[in-house]
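The primary structure of each chain is shown beneath.
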Amino acid sequence: MYAQVINTGSDRVRRIDEMSAEEQAFMERIENGEKIEPKEWMPEGYRKTLIRQIGQHAHSEVVGQLPEGNWITRAPTLERKAILLAKVQDEAGHGLYLYCAAETLGVSRDELIELLNSGKMKYSSIFNYPTLNWADIGAVGWLVDGAAIMNQVPLQRTSYGPYSRAMIRICKEESFHQRQGYDIMMKMCAGSPEQKAMAQDALNRFWYPALMMFGPSDKDSVHSAQSMAWKIKINTNDELRQKFVDQTVPQAEYLGLTVPDEHLKWNEERGAYDFSEPDWSEFFDVIAGNGPCNKERLGARVKAWDDGAWFREGLAVNAQKKQTKQRKQA
Ligand code: BYC
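Okay, so let's go over this structure. (Residues numbered from 1 in each chain as written. Predicted model: local features only at pLDDT ≥ 70, side-chain atom pairs only at ≥ 80, totals over all residues. Heavy atoms only, no water.)

1. Examining the nonpolar core
Convention followed: The set of buried Ala, Val, Leu, Ile, Met, Phe, Trp, Tyr and Cys residues whose side-chain atoms join them within 4.5 Å is what this entry labels a nonpolar core. Note on exposure labels: buried denotes an accessible area under 20% of the residue type's maximum, exposed denotes more than 50%, and partly exposed covers the range between, all computed with a 1.4 Å probe on protein chains only. Secondary structure counts use DSSP, requiring at least four H or I residues in a row for a helix and at least two E residues in a row for a strand, with both numbered from the N terminus. Pairs of residues are marked as contacts when any of their non-hydrogen atoms sit within 4.5 Å.
Ranked by internal contacts, the top residues of the largest apolar core, which has 49 residues, are Trp134, Trp142, Leu143, Phe206, Trp207, Phe244 and Leu257. Those elements that provide at least two residues to this core are helix H5 (78-103), helix H7 (134-155), helix H8 (161-189), helix H9 (193-212), helix H11 (237-255) and helix H12 (280-290). Filtering out sequence-adjacent residues up to four positions away, Phe206 remains in contact with Ile126, Tyr129, Pro130, Thr131, Asp136, Ala139, Val140, Leu143 and Val144. Grouped together as the second largest cluster of nonpolar side chains are 30 residues, Val107, Ile170, Trp230 and Ile232 included.

2. Overview of the side chain of Ser164
Our working rule: Two N or O atoms form a polar contact when they lie within 3.5 Å of each other; inside protein one atom must be a possible hydrogen donor and the other a possible acceptor, and for residues adjacent in sequence the pair counts only when both atoms belong to side chains.
By the element assignment, Ser164 lies in helix H8. With a relative accessible area of 4%, Ser164 lands in the buried category. Within the structure, Ser164 has its side chain in polar contact with the backbone oxygen of Gln156 (distance 2.7 Å). The contacts of Ser164, once residues within four sequence positions are left out, are Lys35, Leu155, Gln156 and Thr158.

3. Brief notes about empty space enclosed by the protein
The criterion, for reference: Grid spacing is 1 Å over the protein atoms alone, the probe is 1.4 Å, and a cavity is where that probe fits but cannot get out, while a pocket is an open set with protein on both sides within 12 Å along at least five of seven lines and lining residues have an atom within 4 Å of a point. Grid points are joined across faces, edges and corners, and a volume is the space filled by probe spheres set on the points. Residues are sorted three ways: Asp, Glu, Lys and Arg are charged, Ala, Val, Leu, Ile, Met, Phe, Trp, Tyr, Cys and Pro are nonpolar, and all the rest, Gly among them, are polar.
Tallying each qualifying case throughout the model produces 1 cavity of 30 Å³ or more. Along the walls of the largest cavity sit Pro67, Ile126, Phe127, Tyr129, Thr131, Val140, Val144 and Phe206, which together make up its complete lining. Counted by class, the lining of the largest cavity contains 7 nonpolar, 1 polar and no charged residues.

4. Observations regarding the layout of surface pockets
Of the voids in this model, the largest pocket is the one considered here, and its volume is about 1,100 Å³. Mapped by element, the contributors of at least two residues to the lining of the largest pocket are helix H3 (44-63), H5, H7, H8, H11 and H12. In terms of residues, the lining of the largest pocket owes the most to one element, H7, which gives 8 residues. The residue makeup of the lining of the largest pocket, split by class, is 19 nonpolar, 18 polar and 10 charged. Volume-wise, the second largest pocket comes out at about 390 Å³. Along the wall of the second largest pocket there are 13 residues; nearest its centre are Leu96, Arg109, Ile113, Arg301 and Trp305. Contributions of two or more residues to the lining of the second largest pocket are made by H5, helix H6 (109-117) and helix H13 (294-307). Class assignment of the residues belonging to the lining of the second largest pocket gives a composition of 8 nonpolar, 1 polar and 4 charged.

Next up, the structure:
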């Protein structure tokens, strides 16, 4: 079922002479910046690529609640608890907008969840790293949500209407998330030497995993070229990673923290930072299911799904009863 629903494996950008008249007209609409809407004609590969990307994105929002949810009961003040609770609830909402956007492409939410729970569909690598202490919650908000925004702002202009509209709403909320993370880091860095050391340690552990969120380097990205031709993706993985580094390094300097990269250096000619690539073997290992928390995260999702079975059954029975009643009345 997996390959029938979503696009897997390597993509090759289709040449114009390989395209049907319908597909050529579709490409013209894409090039003119028109949005594609659910019931309109689209190439099968476009539909499958969107289901893969939007589905993975939805799963990331939902799985992304786990590392932070872990700290709701241990937030240091009532105010921090309320803020974190609101943020984690926002992530659930983002998941719902995105599952709805994916459903407009002919896949059901249950099918997507089944693909996640069976390990056939991915979610962001970043959520397979543990949040060990409160400083990690600061680092997640600052770096992880910061990287998420960098990736998602251009996606507001993606060619598929429902995805684009979901991204507009999500981006508004993400900027609050990033600021709450940076605010935690500011407080910790202005605190005791031990608190500042915790903030530095969190940056050390989350820096490279945050860089990995943008996906493999352009030479290893299998979907970018075709996704960019369809304007599903607006930028390459490396372009966004560079923008993230350029934006984040001054923020680290303001905090008085050191980015854990001895090769990090401002390049006057390029007007950008030179920086070290993450360890790509670690990235591929994590997305293959072997990161520090993969089993725990997926286990938590599967348990939540199984625990909710009685509720889904109840809803279905209730809906059926209502339908029977309405039919009798008609
Ligand atoms: N993790 O050809 P490529 C958030 C996979 S933030 C796992 O470059 P593409 C949140 C990729 O799927 C995170 N897998 O792929 C924040 C492909 O494998 P498949 C969610 C990754 O799609 C805070 C293979 O590697 N954001 O939600 O052109 C709190 C080759 O990659 C990753 C989004 O999902 C990764 N980091 O580009 C709570 C944004 N990177 O599918 C929640 C939307 C790559 O062939 N997605 N892979 O088996 C995108 O923009 C793109 O899908 C990516 C990857 C840039 C992520």
